[in-house]
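# Observations on the model geometry
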Amino acid sequence: MKIPETVAIIMDGNGRWAKKRGLPRTAGHKKGADMIREIGLAANELGIKKLILYAFSTENWKRPEEEVGYLCKLPGLFFDRYMKELMENNIKVTFAGELDKFPQETQNVVNKAVEQSKNNTGLNLCLAINYGAQREITLGIKKYAQEVVDNKRANDLSESEFSKYLFVEEDIDLMIRTSGEQRLSNFLLWQVAYAEFIFTPVSWPEFDKQCLIDCIKEYNERDRRFGGIK
């Protein structure tokens, strides 16, 4: 089985999973955080090089204050519980997005995990936090334009070089969205130009290792031609 190098997942369905069970939405988010651990370990075991998880979007600030507050605390709860295990499995933690919009306590927790695991050589577990693809592209354009204005480089940007100005440089091989919705929700719009998409009805709190393997098996059945002919 060929393993995709870079996999991205839109972790959808936490709230609906909780509602079906008569639980508060925060219970769904807690269960969803536990699944990050399971899928991270599975991806590392399978040999995926980078796993990018959509943890908090730029649009999520519109949610109820109580829910946003819990989501801000979730990284601390997650890393307190699982960082030792991530380190034991040689997993490197990174993030994509504008972390500085979060409370200082949340920033400290994420930065500590990144620093602690920076020398690990296994899976790159990238959490997209306060991330929005349109914002990412806009910031990248501004950064490049400023370099041109400051005479730090010529106005000669190529498509391949533009990725260096983004939060996520890699092209995505496989994009998965859980819980049945079929849209990208402003996630990695530049990077998915030739990604394979799988929309599974399984909610994120129920998306286990076997679900990931099933998605990779389906990925292997796709004929990736990148615009050419085989």
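Treat the numbers as computed from the prediction; the structure is a model and nothing was measured.

Counting its regular elements, the chain contains 7 helices and 6 strands. In the chain, the order of α-helices and β-strands from amino to carboxyl end is β-α-α-β-α-β-α-β-α-α-β-β-α. The C-alpha radius of gyration computed for the chain amounts to 18 Å, which stays within 12% of the reference 17 Å derived for 230 residues, consistent with globular compactness. For the C-alpha atoms alone, the extent of the chain along its principal axes is close to 55 × 50 × 35 Å. With 230 residues in all, the chain has 47% of them scored as buried. Here the analysis covers contacts within the chain between residues at least 6 apart in sequence; of these, 75% occur between residues at least 24 apart. In the chain, 34 side chains carry a positive charge and 34 a negative one; their mean positions are 2 Å apart.

With that settled, consider the sheet that holds strand β3 (residues 92-96). Taken in spatial order, the 6 strands of this open sheet run β3-β4-β2-β1-β5-β6, and their pairing is parallel. The open sheet has two edge strands, β3 and β6 (196-199), and neither has a second partner. Adjacent strand axes in the sheet meet at a mean angle of 20°, parallel and antiparallel pairs treated alike. Taken together, the 4 bridges between strand β5 (residues 174-177) and β6 define a ladder with parallel strand orientation. Residue pairing across strands places leucine 174 opposite glutamate 196, the latter belonging to β6.

The subject of this paragraph is the packing of helix α2 (residues 25-46) against helix α3 (residues 65-88). Running from N to C, α2 and α3 cross one another at 35°; their axes reach a closest spacing of 10 Å. Our pair here, α2 against α3, has a crossing hand that is right-handed. On α3, the residues that touch Arg25, Thr26, His29, Lys30, Ala33, Asp34, Ile36, Arg37 and Leu41 of α2 are Glu67, Tyr70, Leu71, Leu74, Phe78, Arg81, Tyr82 and Glu85. Its residues placed into classes, the contact of α2 with α3 shows 8 nonpolar, 2 polar and 7 charged.

Next up on the list: the nonpolar core. Among the nonpolar cores identified, the biggest contains 44 residues, and Ile9, Leu51, Phe207 and Leu212 are the most heavily contacted of them. If you list the elements that add at least two residues to this core, you get β1 (6-10), α2, β2 (50-57), α3, α4 (104-117), β4 (124-131), β5 and α7 (209-221). By residue number, the principal contributor to this core is α3, which donates 10 residues. For phenylalanine 207, the contacting residues outside a window of four places in its chain are Ile9, Met35, Ile39, Ile176, Thr178, Thr200, Val202, Leu212 and Cys215.

Between its first and last C-alpha atoms helix α5 (residues 133-149) spans 24 Å; for 17 residues at 1.5 Å apiece the expected length is 24 Å, and the two agree. All of the buried residues along α5 are Ala133, Glu136, Gly140 and Tyr144. All buried residues of α5 fall inside an arc of 65° around its axis, so they share one side. The outward face of α5, more than 90 degrees from its buried face, is lined by the exposed residues Gln134, Lys142 and Val149. Taken together, the buried residues of α5 touch β4 and α6 (159-162). Asparagine 151 lies just past α5 and shows a positive phi near 60°.

This part is about the pairing of β5. A two-sided burial pattern is seen for β5, the buried positions comprising Leu174 and Ile176 on one face and Met175 and Arg177 on the other. For β1 and β5, the ladder comprises 4 bridges, and the chain directions are parallel. Within β5, the residue paired with valine 7 across the bridge is leucine 174.

A few words on the side chain of threonine 200. By the secondary structure assignment, threonine 200 is in the loop between β6 and α7. For threonine 200, a relative accessible area of 11% gives the class buried. If sequence neighbours within four positions are ignored, threonine 200 has contacts with Ile176, Arg177, Thr178, Ser179, Gly180 and Phe207.

Criteria and cut-off values
Residues numbered from 1 in each chain as written. Predicted model: local features only at pLDDT ≥ 70, side-chain atom pairs only at ≥ 80, totals over all residues. Heavy atoms only, no water. Helix = DSSP H or I, 4+ residues; strand = E, 2+ residues; numbered from the N terminus. Rg over C-alpha atoms; globule rule 2.2 N^0.38 Å. Buried < 20%, exposed > 50% of the residue type's maximum accessible area, 1.4 Å probe, protein only. Contact = heavy atoms within 4.5 Å. Lys, Arg positive; Asp, Glu negative; His and termini not counted. Charge placed at Lys NZ, Arg CZ, Asp CG, Glu CD. Pairing = 2+ DSSP bridges. Axes fitted to C-alpha atoms, helices over the stretch in contact; angles between N-to-C directions. Left-handed = near helix turned anticlockwise from the far one by under 90°. Nonpolar A, V, L, I, M, F, W, Y, C, P; charged D, E, K, R; others polar. Core = buried A, V, L, I, M, F, W, Y, C linked by side-chain atoms within 4.5 Å. Expected span 1.5 Å × (residues − 1). Arc of directions from axis to C-beta.

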